[in-house]
Amino acid sequence: MSTNYIPKKNQLEFLNWEFGIFFHFGIRTFYEGHQDWDMKEMPLDAFNPAELDCDQWLKAVKDSGAKYAVLVCKHHDGFANWPSKYTDYTVANTPWKNGRGDVVKEFTDSCRKFGIKVGLYYSPAQFGSNEMDAKEYDDYFINQIGELLTGYGKIDYLWFDGCGSHGHKYDTKRIIKEIRRMQPDILLFNLWEPDVRWVGNETGIARLRNPNNVVFSDLAEDCIDHDYFGDGYFLPAECDCCMRDQWFYSDRNEGAVRTPDELMGLYYYSVGRGANLLLNIGPDRKGLLPQIEVDRIVEMGKEIKRRFEECRLKIAEIKKITDSSGNSVLQITLSESSLVNHVVLAENLTTGDHVAKFKVMASPDINGTAYTVYEGYTIGHKHICYFPTIRTRRLDIIIEESDGLEELTDISVIYAI
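Residues numbered from 1 in each chain as written. Predicted model: local features only at pLDDT ≥ 70, side-chain atom pairs only at ≥ 80, totals over all residues. Heavy atoms only, no water.

1. Re the nonpolar core
Next, step 1: Grouped together as the largest cluster of nonpolar side chains are 79 residues, with contacts concentrated most on Trp57, Phe107 and Ile179.
Next, step 2: It is helix H4 (residues 134-150) that provides the largest number of residues to this core, a total of seven residues.
Next, step 3: What Phe107 contacts, discounting residues up to four positions off in sequence, is Phe23, Cys54, Trp57, Leu58, Ala69, Val70, Leu71, Val118, Gly119 and Leu120.
Next, step 4: Counting 21 residues, the second-largest nonpolar core is a separate cluster that includes Ile332, Val343, Ile379 and Leu395. (Core = buried A, V, L, I, M, F, W, Y, C linked by side-chain atoms within 4.5 Å. Buried < 20%, exposed > 50% of the residue type's maximum accessible area, 1.4 Å probe, protein only. Helix = DSSP H or I, 4+ residues; strand = E, 2+ residues; numbered from the N terminus. Contact = heavy atoms within 4.5 Å.)

Spelled out as structure tokens, the structure:
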């Protein structure tokens, strides 16, 4: 087992959020068919979300059970969703509300109204950035981030997209110092001195072996400050993915909206493997979430609650023993013989990851042979062990590889169909 790296308090809080909603919204919402870095012009006169209602967005977030939300404030095109003083390419120069609108303010106000953690996305790289010298661009970067971090109250999460930044030289020490000065408790995603790492894909899926203890060689070297990380770091993963087949709204692909069954699969592959799930919805050109997406995430939230809260079986006893191979074993006895198809495990992470390999065994006869029904690796914040239904009254959790310091803080046994 690798060295344990101690998490920060807000990293553990982040893992407790588990599920968030991403909102890609901006000038590109009004220009169907544009792609990242296509460099096509998108004139400001098209931006006019006449019915923009962030309360509708955040009520859907709340009703889905998600704990945090992230708004795209500035994408690669450079359009600012707030009246930035450092660019003309901003909501202040659009027809929307005669230039007096501020999407970021409406979003952050709604987050607080509904008790949702506030996340802001900012693309460090943008169209035309190579036309400025390095210091000039760093100044622009810091000035815009400063507007976001000082003008809208406490920001819980700053989401840096690394797309387009490879090979670009930033004064990362200066940028991070200013961010931490303005918002000392903020969580940073992905770049330079992150608190949260990208899982490595945009499919919403974490690997079965998903450690929080990450060594430097596992990370993208041009995006990470080696001096900050040393040999390794506690760095939880986030899985981001789209509800449809693209990030910004399209009126051509309603058939691509993920089904409730697929959304539950993503929950198992992300949260169920110890990562967070950040699910994107593109608000439409009126400034509203399409009803089909609202219905799907709310249905998903209800199903999560049904399976993992309402379908728990009653445990009579949990006994810790050591088996003949020296493995730590948790023997779980249910109150009665029951059909079972899930075991959900959670590890105490205050001192880092400890479990590297485990298995779940079930005994159809409480005094008879036990059979392996699931094999896993890391447990972390949460591990959902899902297996074909079996009737049993006794299950054993066998820790096959660990540093011996593991403590499981929650165990639930579930039968859900």
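Read on for the rest.
2. Observations regarding the packing of aromatic side chains
Next, step 1: Evaluated as defined, the whole model comprises 33 aromatic pairs.
Next, step 2: Taken together, a centroid distance of 4.9 Å and an interplanar angle of 40° make the contact between Phe23 and Trp57 tilted. In this pair, Phe23 sits in strand S1 (residues 19-23) while Trp57 sits in helix H2 (residues 54-64), placing the two residues 34 residues apart along the sequence.
Next, step 3: On the basis of relative accessibility, which here comes to 0%, the residue Trp57 falls in the buried class.
Next, step 4: Relative to Tyr170, the ring of Phe141 has its centre 5.7 Å away and its plane inclined at 85°; by these criteria the two rings are edge-to-face. (Phe/Tyr/Trp six-rings, centres within 6.5 Å; stacked < 30°, edge-to-face > 60°.)

3. Description of the pattern of salt bridges
Next, step 1: Under the criterion given, the structure shown has 20 salt bridges.
Next, step 2: Among the salt bridges present, the one from Lys135 reaches Asp139, with a minimum N-O distance of 3.0 Å. With Lys135 and Asp139 both in helix H4 and four residues apart, this pair spans about one turn of that helix.
Next, step 3: A relative accessible area of 22% means that Asp139 is categorised as partly exposed.
Next, step 4: The closest approach of N and O atoms between Arg174 and Asp139, which form a salt bridge, is 2.6 Å. (Salt bridge = Lys/Arg side-chain N within 4 Å of Asp/Glu carboxyl O.)

4. Describing the environment of Gly115
Next, step 1: Position of Gly115 among the secondary structure elements: in the loop between helix H3 (103-113) and strand S3 (117-122).
Next, step 2: Taking relative accessible area as the criterion, Gly115 reaches 55% and is therefore assigned exposed.
Next, step 3: In sequence terms Gly115 and Leu279 are 164 residues apart; their C-alpha atoms lie 18 Å from each other.

5. Notes on the packing of H4 against helix H5 (residues 172-182)
Next, step 1: The N-to-C vectors of H4 and H5 enclose an angle of 15°; their axes lie 10 Å apart at closest approach. The pairing of H4 with H5 is recorded here as roughly parallel in orientation. Relative to H5, the crossing made by H4 is right-handed. Of the residues in H5, those touching H4 at Asp138, Asp139, Phe141, Ile142, Ile145, Gly146, Leu149 and Thr150 are Arg174, Ile175, Glu178, Ile179 and Met182.
Next, step 2: For the contact of H4 with H5, the per-class residue count stands at seven nonpolar, two polar and four charged. (Axes fitted to C-alpha atoms, helices over the stretch in contact; angles between N-to-C directions. Parallel < 35°, antiparallel > 145°, perpendicular 65-115°, else oblique. Left-handed = near helix turned anticlockwise from the far one by under 90°. Nonpolar A, V, L, I, M, F, W, Y, C, P; charged D, E, K, R; others polar.)

6. Concerning the sheet that holds strand S5 (residues 187-189)
Next, step 1: What the eight strands build is an open sheet, ordered S5-S4-S3-S2-S1-S10-S9-S6; its pairing is parallel. If you trace the sheet from one side to the other, it starts and ends with S5 and strand S6 (197-198), each paired once.
Next, step 2: Two strands pair when backbone bridges link them, and S1 and strand S2 (residues 68-74) are joined in this way by four bridges, in the parallel orientation. Bridging from a neighbouring strand, Gly20 pairs with Tyr68 of S2. (Pairing = 2+ DSSP bridges.)

7. Side note on the environment of Tyr415
Next, step 1: Within the secondary structure, Tyr415 sits in the segment after strand S16 (408-414).
Next, step 2: Accessibility expressed as a relative area gives 26% for Tyr415, which makes it partly exposed.
Next, step 3: Sequence separation between Tyr415 and Asp403 is 12 residues, and the spatial gap between their C-alpha atoms is 31 Å.
Next, step 4: Ignoring any residue separated from it by four or fewer positions in sequence, one finds Tyr415 in contact with Cys311, Leu313, Leu339, Val340, Asn341 and Thr389.

8. Some words on H2
In an α-helix, one turn spans 3.6 residues; hence positions three or four apart end up facing the same way.
Next, step 1: Listed as buried for H2 are Cys54, Trp57, Leu58, Ala60, Val61 and Ser64. Axial view of H2: buried residues confined to an arc of 150°, hence all on one face.
Next, step 2: Elements that come into contact with the buried residues of H2 comprise S1, S2, H3 and helix H8 (291-310).
Next, step 3: Where H2 begins, the side chain of Asp53 points an oxygen toward the backbone nitrogen of Asp55, at a separation of 3.1 Å.
Next, step 4: Backbone geometry just downstream of H2 places Gly65 in the positive-phi region, at approximately 90°. (Arc of directions from axis to C-beta. Polar contact = N/O pair within 3.5 Å; in protein donor to acceptor, adjacent residues only side chain to side chain.)

9. Side note on the side chain of Arg180
Next, step 1: For Arg180, the location among the structural elements is in helix H5.
Next, step 2: Side-chain polar atoms of Arg180 contact the backbone oxygen of Glu193, separated by 3.2 Å.
Next, step 3: Those residues within four positions of Arg180 in sequence are excluded, and the remaining contacts are Lys8, Ile186, Leu188, Glu193, Asp195 and Tyr228.

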